[in-house]
Amino acid sequence: MAYRTPLDSSSSNSGAGPFVYWRVEGSLLDLTVVKPLGFLTWNAQTFAERFRRRGLIFLMAALRPFLYSTNRKFATRVVHTVLRGVSRDRLDLLGEEFFQYKLKPNLKPKGVQRVKELLDSGTNVVLVSQGLDHLMRPLARHLGVKYVVANRMEFRDGRATGRLLEPLIRPRGVLAKIREDSPDGLRAPKTLARHLDIPVEQLHAAVMPAERPRADRERPIVHFDGQRPASPLSVRSAFAGKHVMLIGVTGFIGKVWLANTLLDLPEIGRIYLLIRRQKSNPAEKRFEKIVEDSPVFDPLFEKFGTGFSDFVRAKVEVVEGDVSHPSLGLSAEVSRRLQNDLDLVVNSSGLTDFNPDLRDALATNTDAALNILEFVRSSHHAGLLHLSTCYVAGEQDGRVSEKLIPDYTPRRVPGFDAEKEWQSLKAEIRKAEERAESEEVTAELRKQALGKEHAAKDLQGAALDNQIRKNRVRWLKTYLTELGTKRANELGWPNTYTLTKSLAESLIAKRGAGLPIAIVRPAIVETSVAKPFLGWNEGINTSASLSYLLGTYFRQLPSNESKRLDIIPVDSVCAGMTLIAAAVMERRHDQVYQLATSVANPCDMGRSIELTSLAHRKHYRAQEGLESWLRLRFDAIPVSKTRYNRMSAPAQRAIVKSIQRVMAPLPLKKTPLAKAERSLERVEKLIQLFEPFILLNEHDFAAENVEKLDYALVPEEREMFAYNTRSLDWWDYWINVHIPALRRWTYPLIEGRPLEARPPRNFQIGPANGDTVKTGTNGATWRYS
């Protein structure tokens, strides 16, 4: 009865035992066609789809006896047409869910035992079923079976066409359900092929792996115009004995890059961490707190154990400084030493708030970049890796190439000069600060202070002056925030963040000519897939708040379904940075590198929204209670801006305001529905903030330069240092990695809850013997004991 299928000839199955076919129906499950299809259709993405498809299922159920009596194959094809238009992503998730909660509890123990006995004897079992592969793959993985034969839908652009592929596995006949209802599902190939009404060869060819299919997109590198292939690149050789200064270690990317570098490149000479002092909290203490609290360093602790502090002390030196100051706020002695020793400066610092106070944005994103540039210019041989963002592209559609255009504006403003714009913004800040102190503004602020409901009528003297001072700080911050946003929009950038990052790029292009500089533009940086471990994320400044919203009862997200949402895992960004850093130190770098997926491995907004909803569904399905039961049925859908305004948060807020106006004359202590109004207002502001990334500007960011470095990587280092975003499986990433990571690391911050408790650990970078260490600004000293 054993038979070797064509899969045996592949290298992945060399040495495998004989294959045997096992019919699922009757031996493991009493599986029908209509019930699984009913589940799949009732859980379509929209409510309209659910009722329409459910109606078709009822119609099919009524016609099924007549169709099956005529031709079982034809009837099977007709019934499966109800799945037309359903995405492969949804069928995969619902298939797993149907198995987990419907099929698994009803598995027949005797049949399961027989299958496991065969597997234990070394036999390769092939499960054969009339069910869809989306249902059979989870069953096979549960049993430990590697291969299945099942019905398969045809897909185009990720959507089911409603057509079943050949060979079609028809249902068993009426008598077979009586004859074959036993725990033994073994079938001889010829017998099984006859029952299925297909040739034996077609049965063997239909065997497929039980694992979900993954599309590995390998791209060959071809050199044109007489260009010679790049010489091999060794990251270990490039970093061996080198001295690198990292700026921005307190940020998401900086922490991960530091941890990965220490873990993967122990041959590096030394890493200097430039950290700003916070009031009475020195730089060293800030770093110690980061290492003690952040899970990023868990793999390092596991590797070195009690020797971790000694390892870090040997490889890492914290220097106290401030990039917003000239010479980076370093003392002359420390500055001279670093300028002589450094081989590379990695600047991953930046203010990532979309629309902050213009003063903060310029100081952190533009002024700091120029201070770092001048420091590199004064150094003996250091290069610079400067982290920017892909979204400096601003308002434009289409392919965004890896080019640095001086004095760039998205709207191609004639005569625009980045240097003059930078100075003009600083002048506007000075004017605003002077205006904030003027009599006109002071009078308005005094009026506000006295007009507050909670303010006492006799508010005067020092108390009044203090309230005016607070109002002035608030007024100036609001004014400069709006000023930055307005100017960014005038020039074609969506927010102040991208404006100030782009100004920094243009100024670096002008002032850094001839220096070894690489500008690195990541897209939207999200959850890790491998390093420092699977599923690390941090902070709420990326897409976390939007994905959180899609996990509530909010359903209609204004977006362009075909627009590509460019998300890249943080460890892919760090892998790219490591390759680029090696290239800069070996002086074989390009000027600009984009780290993005919209060209290499695209995932559009329509799919992103559905995957987010499916990930939330998987979470809520595992919970108990009415709230979870309701939430898993509210799938988010992409809609037009018009429909969003007419049917979602703006319309709901208008209704709330109307109710409040009607009830205003009533003597109520509290404004009715005030909390609901505030929540809807926050939703509107959040959507407005993200519109440039989900609705407007169809960017496709090319990332060819880093792929050329990856292609040049020596073979023995490919496993450790390769940059590969083409093999990312977005279904697995979104459902099993990204959203669960956000639930663990960022949603608690959004909800005001503490993160999960972690076992305490102590770390001290200072010498254990109590020696005095001299570091930082003005030669400050810190003693450790």
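See the structure above.
Since we're looking at a predicted model, the values are computed, not measured.

Caption draft 1: Here's a closer look at helix α18 (residues 439–451). Here α18 is 13 residues long and its end C-alpha atoms lie 18 Å apart, about the 18 Å a rise of 1.5 Å per residue gives. Taken as a whole, α18 has its buried residues at V441, T442, L445 and A449. Around the axis of α18, the buried residues are gathered within 100° of arc, so they sit on the same side. Exposed and facing more than 90 degrees away from the buried side of α18 are E439, E440, K447 and G451. Here the buried face of α18 lies against α17 (418–436) and α19 (461–491).

Caption draft 2: Quick peek at the packing of helix α1 (residues 34–42) against helix α2 (residues 47–70). One way to put it is that α1 packs onto α2 with a least axis distance of 8 Å and a crossing angle of 165°. Viewed along their axes, α1 and α2 adopt a mutual orientation that is roughly antiparallel. Between α1 and α2 lies a crossing of right-handed hand. Here V34, L37, G38, F39, T41 and W42 of α1 lie close against α2, whose contacting residues are R50, F51, R53, R54, I57 and R64.

Caption draft 3: Representation of the side chain of R555 within the structure. Examined against the element boundaries, R555 turns out to sit in the loop between α21 (544–549) and β16 (556–558). In this structure, R555 is buried with no salt-bridge partner, the nearest side chain bearing the opposite charge being D635 at 6.7 Å. With near-sequence residues (within four places) excluded, R555 lies in contact with Q45, T46, F47, F634, D635, A636 and I637.

Caption draft 4: Broad picture of the sheet that holds strand β11 (residues 344–347). Here seven strands make up an open sheet; going across it, the order is β10-β9-β8-β11-β12-β14-β18 and the pairing parallel. Edge positions in the sheet fall to β10 (316–320) and β18 (592–595), since each has one partner strand and no second. On average, each strand axis in the sheet is inclined to that of its neighbour by 20°, with strand direction left out of account. Set on the sheet, helix α16 (residues 358–378) makes contact with β8 (243–247), β11, β12 (383–387) and β14 (517–522); between it and β12 the angle comes to about 165°.

Caption draft 5: Molecular detail of the sheet that holds strand β3 (residues 147–151). Within the open sheet, the five strands sit side by side as β6-β1-β2-β3-β7. Their pairing is mixed. Each edge of the sheet is formed by a strand with only one pairing partner; in this case those strands are β6 (186–187) and β7 (208–209). The pairing of β3 with β7 spans two bridges and is classified as antiparallel. Its bridge partner being in β7, Y147 is matched across the sheet by P209. Along the sheet, helix α5 (residues 109–120) makes contact with β1 (19–23), β2 (124–132) and β6, crossing β1 at roughly 175°. Docked against the sheet, helix α6 (residues 133–143) engages β2, β3 and β7, running at close to 150° with respect to β2.

Caption draft 6: Inspection of the packing of aromatic side chains at higher detail. The final tally for this structure, using the stated rule, is 20 aromatic pairs. Ring centres 5.0 Å apart and planes at 50° place the aromatic pair F19 and Y147 in the tilted group. Of the two residues, F19 sits in strand β1 while Y147 sits in strand β3, which places them 128 residues apart along the sequence. Accessibility expressed as a relative area gives 6% for Y147, which makes it buried.

Caption draft 7: Quick look at the nonpolar core. Formed by 115 residues in total, the largest nonpolar core has its most connected members in F239, L273 and F287. Counting residues per element, this core draws most heavily on helix α22 (residues 570–585), at 11 residues. Residues in contact with F239, not counting those within four places in the same chain, are V244, W257, L265, E267, I268, G269, T578, A581, A582 and M585. Ranked by size, the runner-up nonpolar core spans 49 residues in total, among them V34, I57, L107 and M153.

Caption draft 8: Fine view of the pattern of salt bridges. One pass over the full model with this rule turns up 54 salt bridges. With a shortest N-O distance of 3.9 Å, E154 and R156 are connected by a salt bridge. D298 is the salt-bridge partner of R761, the closest N and O atoms lying 2.4 Å from each other. Of this pair, R761 sits in the loop between α31 (747–751) and β21 (772–774) while D298 sits in helix α13 (residues 298–304), placing them 463 residues apart in sequence. Considered together, R761 and D298 belong to a single accessibility category, that of buried residues. Taken together, the shared-partner salt bridges in this structure form one network comprising R50, R90, R159, E610 and D635.

Caption draft 9: Region of the structure containing helix α20 (residues 496–511). End to end, α20 covers 22 Å across 16 residues, agreeing with the expected 22 Å (1.5 Å per residue, within 8%). For α20, the tally of buried residues reaches 14 of 16 residues, placing the bulk of the element in the interior. By the N-cap criterion, in which a side-chain oxygen at the helix start approaches the backbone nitrogen of a residue two or three places on, α20 is capped by N495, the distance to Y497 being 3.4 Å.

Caption draft 10: The environment of F354, seen in detail. Among the secondary structure elements, F354 is positioned in the loop between β11 and α16. The spacing of F354 and L499 is 145 residues in sequence and 9.8 Å in space, taken between C-alpha atoms. Not counting chain neighbours up to four residues away, the residues in contact with F354 comprise N495, T496, Y497, N541, L689, F690 and F693.

Caption draft 11: Examining the pairing of strand β5 (residues 159–164) more closely. Two strands pair when backbone bridges link them, and strand β4 (residues 153–156) and β5 are joined in this way by three bridges, in the antiparallel orientation. Considered in β5, the bridge of F155 is made with A160. Between β4 and β5, which pair antiparallel and follow one another directly, the connecting turn spans two residues, one of which, D157, has a positive phi of 55°.

Caption draft 12: Main features of the environment of F51. Residue position: F51 is located in helix α2. Residues F51 and F74, 23 residues apart in the sequence, show an inter-C-alpha distance of 25 Å.

Caption draft 13: Main features of the state of the cysteines. Considering all chains together, one arrives at zero disulfides under this definition. Cysteine C603 is unpaired, with the sulfur of C390 as its nearest cysteine sulfur at 16 Å.

Caption draft 14: The arrangement of the pairing of β2 in detail. Within β2, nine of the nine residues are buried, leaving the element largely enclosed by the surrounding structure. Here β1 pairs with β2 via five bridges, running parallel. Along β2, the bridge assignment pairs F19 with N124. Relative to β3, β2 is paired through four bridges, and the arrangement is parallel. Among the inter-strand pairings, L132 is bridged to a residue of β3, identified as N151. You can see the chain leave β2, run along α6 and come back into β3, and the turn it takes is right-handed.

Caption draft 15: How the structure looks around the environment of V592. With respect to the helices and strands, V592 occurs in strand β18. Note on V592: relative accessible area 2%, which makes it buried. Separated by 72 residues in the primary sequence, V592 and V520 have C-alpha atoms spaced 5.9 Å apart. Not counting residues within four places of it along the chain, the set of residues in contact with V592 comprises E402, K403, L404, I519, R521 and N705.

Caption draft 16: Focus on a nonpolar patch on the surface. Together, W42, F47 and F51 make up a nonpolar patch on the protein surface, roughly 310 Å² of accessible area in all. In this fold, F47 is placed in helix α2. You can call F47 partly exposed: its relative accessible area is 33%.

Criteria and thresholds
Residues numbered from 1 in each chain as written. Predicted model: local features only at pLDDT ≥ 70, side-chain atom pairs only at ≥ 80, totals over all residues. Heavy atoms only, no water. Helix = DSSP H or I, 4+ residues; strand = E, 2+ residues; numbered from the N terminus. Expected span 1.5 Å × (residues − 1). Buried < 20%, exposed > 50% of the residue type's maximum accessible area, 1.4 Å probe, protein only. Arc of directions from axis to C-beta. Contact = heavy atoms within 4.5 Å. Axes fitted to C-alpha atoms, helices over the stretch in contact; angles between N-to-C directions. Parallel < 35°, antiparallel > 145°, perpendicular 65-115°, else oblique. Left-handed = near helix turned anticlockwise from the far one by under 90°. Lys, Arg positive; Asp, Glu negative; His and termini not counted. Salt bridge = Lys/Arg side-chain N within 4 Å of Asp/Glu carboxyl O. Pairing = 2+ DSSP bridges. Phe/Tyr/Trp six-rings, centres within 6.5 Å; stacked < 30°, edge-to-face > 60°. Core = buried A, V, L, I, M, F, W, Y, C linked by side-chain atoms within 4.5 Å. Polar contact = N/O pair within 3.5 Å; in protein donor to acceptor, adjacent residues only side chain to side chain. Disulfide = S-S within 2.5 Å. Right-handed = clockwise from strand over helix to strand, strands pointing away. Patch = residues over 30% accessible without salt bridge, like charges linked within 9 Å, V, L, I, M, F, W, Y side chains within 5 Å. Areas by Shrake-Rupley, 256 points an atom, 1.4 Å probe, with all protein chains shown as cover.

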